[in-house]
Amino acid sequence: MPLLELLFPSRCAACGEPGPELCGRCRELLPRLLGPLCARCGTPTAWPVARCLECAGRRIAFAQARSALSYSGPVPRLIGAWKERGQRHLAGIAAELLAEVIPRPQVKALTFVPAQRERSLSRGFHPAGALAAELALLWELPLQRLLERVGSPRRQRGLALSERSKNVERAFRACRGAKPPSSVCIVDDVYTSGATVSVCAGALRKVGCRHVEVVAFARAVRER
Ligand SMILES: [Zn+2]
Ligand SMILES: [Zn+2]
């Protein structure tokens, strides 16, 4: 057995090299979204803007969304290991990386985008929920389960933006009897079009939450 494997029985989740769960090189290469950004949806922009081309003219129920990393470079493989191969401890690393980039939100509680039941059962765990639990510890914020899915929507991948929103519009609601505090931050693993978290934010606002923010580990960024 090579010496490195004796010293480090684990491998880097992003590049596969024996060593720590995320090696120093991959950690350095992570495309952090440090700005300038769209103040509303958190997409990287050439200079700071209040609304970007992506979110201008769209009805968005959250006050602001921030993502820590662009979904590129070593990020897809890292997320793949975390989500698909069930490397649960990576949720802790993901939370740490997220908190390095995104300041603690000024809210009273955290919640998370609920998983589709069959998919979370088959994987045995729920990435957004696990990330939210780790962030709750780091940020010393209470974690509340406030949202649930209604039925199971078709998969979002490959759908146009308008179809995505229709697809998710009725897919989430506040849990029965949920009494969210006045401000909540929704945690998700990957932010794609923002349609899902916007519907979740709308559901929370319907039950009395006045201010909803969103944080995500990674964000799909359109090539410009
Ligand atoms: Zn690596
Ligand atoms: Zn925007």
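Scroll up to find the structure this text is about.
Residues numbered from 1 in each chain as written. Chains lettered and ligands numbered in written order. Predicted model: local features only at pLDDT ≥ 70, side-chain atom pairs only at ≥ 80, totals over all residues.

Chemist: Which residues make up the pairing of strand E6 (residues 211-219), and what are the values?
Modeler: Along E6, eight of the nine residues are buried, which leaves the element largely enclosed by surrounding structure. In terms of strand pairing, strand E1 (residues 64-70) meets E6 through six bridges, oriented parallel. Bridge pairing links Ala65 to Val214 in E6. After leaving strand E5 (residues 183-191), the chain enters helix H8 (residues 195-206) and then returns to the sheet as E6, a path that is right-handed. (Buried ≥ 20, exposed ≤ 12 C-beta atoms within 10 Å, placed from the backbone. Helix = DSSP H or I, 4+ residues; strand = E, 2+ residues; numbered from the N terminus. Pairing = 2+ DSSP bridges. Right-handed = clockwise from strand over helix to strand, strands pointing away.)

Chemist: Run through helix H4 (residues 90-101), naming residues and quoting values.
Modeler: Here H4 contains twelve residues, and its C-alpha end-to-end distance of 17 Å stays within 8% of the 16 Å for a straight helix at 1.5 Å per residue. Burial in H4 covers these residues: Leu90, Ala91, Ala94, Ala95, Leu97 and Leu98. All buried residues of H4 lie within an arc of 165° about the axis, which places them on one face of the element. Summarising the contacts, the buried residues of H4 are in contact with E1, helix H3 (75-83), helix H6 (127-139) and E6. (Expected span 1.5 Å × (residues − 1). Arc of directions from axis to C-beta. Contact = placed C-beta atoms within 7 Å.)

Chemist: Explain unusual backbone geometry residue by residue, including any values.
Modeler: Put simply, Gly35 and Pro36 share a cis peptide bond, and its omega is 0°. Along the polypeptide, Pro36 turns up in the loop between helix H2 (24-29) and E1. Not every positive phi belongs to a glycine, and Glu140 is a case in point at roughly 50°. With respect to the element layout, Glu140 can be found in the loop between H6 and strand E3 (147-149).

Chemist: Explain H3 residue by residue, including any values.
Modeler: Here H3 has its buried residues at Val75, Leu78, Ile79, Trp82 and Lys83. Looking straight down H3, one finds that the buried residues subtend no more than 120° of arc, so they occupy a single side. Buried residues along H3 sit against E1, H4, H6, E5 and E6.

Chemist: Residue-level account of the environment of Leu69, with values.
Modeler: In this structure, Leu69 sits in strand E1. Counting along the chain gives 147 residues from Leu69 to Ala216, while the straight-line C-alpha distance between them is 8.5 Å. Setting aside anything within four residues of it in sequence, one finds Leu69 in contact with Leu30, Pro31, Arg32, Leu33, Val75, Phe217 and Ala218.

Chemist: Please give an account of the nonpolar core that cites residues and values.
Modeler: The biggest cluster of nonpolar side chains holds 63 residues, and the ones touching the most others in it are Leu131, Ile186, Val187 and Cys200. Not counting residues within four places of it along the chain, the set of residues in contact with Cys200 comprises Val113, Leu147, Phe172 and Ile186. (Core = buried A, V, L, I, M, F, W, Y, C linked by C-beta atoms within 7 Å.)

Chemist: Describe the environment of Val49, with residues and values.
Modeler: Note that Val49 resides in the loop between H2 and E1. When the C-alpha positions of Val49 and Leu37 are compared, they lie 6.7 Å apart, and in sequence the two are twelve residues distant. The contact partners of Val49, leaving out residues within four places of it in the chain, are Cys38 and Ala39.

Chemist: Could you give an account of the sheet that holds strand E2 (residues 109-112), naming the residues involved and the relevant values?
Modeler: To summarise the sheet geometry, strands pair through backbone hydrogen bonds and adopt either a parallel or an antiparallel arrangement. Strand order in the open sheet formed by four strands is E1-E6-E5-E2, with parallel pairing between adjacent strands. Both outer strands of the open sheet, E1 and E2, are each paired with one neighbouring strand and no more. Adjacent strand axes in the sheet meet at a mean angle of 25°, parallel and antiparallel pairs treated alike. As paired strands, E5 and E6 are joined by eight bridges and run parallel to one another. Bridging from a neighbouring strand, Tyr191 pairs with Arg219 of E6. With respect to the sheet, H3 is in contact with E1, E5 and E6, its orientation differing from that of E5 by roughly 105°. (Axes fitted to C-alpha atoms, helices over the stretch in contact; angles between N-to-C directions.)

Chemist: So, the packing of H4 against H6: which residues are in play, and what are the values?
Modeler: Across the interface, H4 lies against H6 with an axial gap of 8 Å and an inter-helix angle of 55°. Classified by the angle their axes make, H4 and H6 are oblique. Crossing angle aside, the handedness with which H4 passes H6 is right-handed. Contacts from Ala91, Gly92, Ala94, Ala95, Leu98 and Ala99 in H4 reach Pro127, Ala130, Leu131, Glu134, Leu135, Leu138 and Trp139 in H6. When its residues are assigned to classes, the contact of H4 with H6 shows eleven nonpolar, one polar and one charged. (Parallel < 35°, antiparallel > 145°, perpendicular 65-115°, else oblique. Left-handed = near helix turned anticlockwise from the far one by under 90°. Nonpolar A, V, L, I, M, F, W, Y, C, P; charged D, E, K, R; others polar.)

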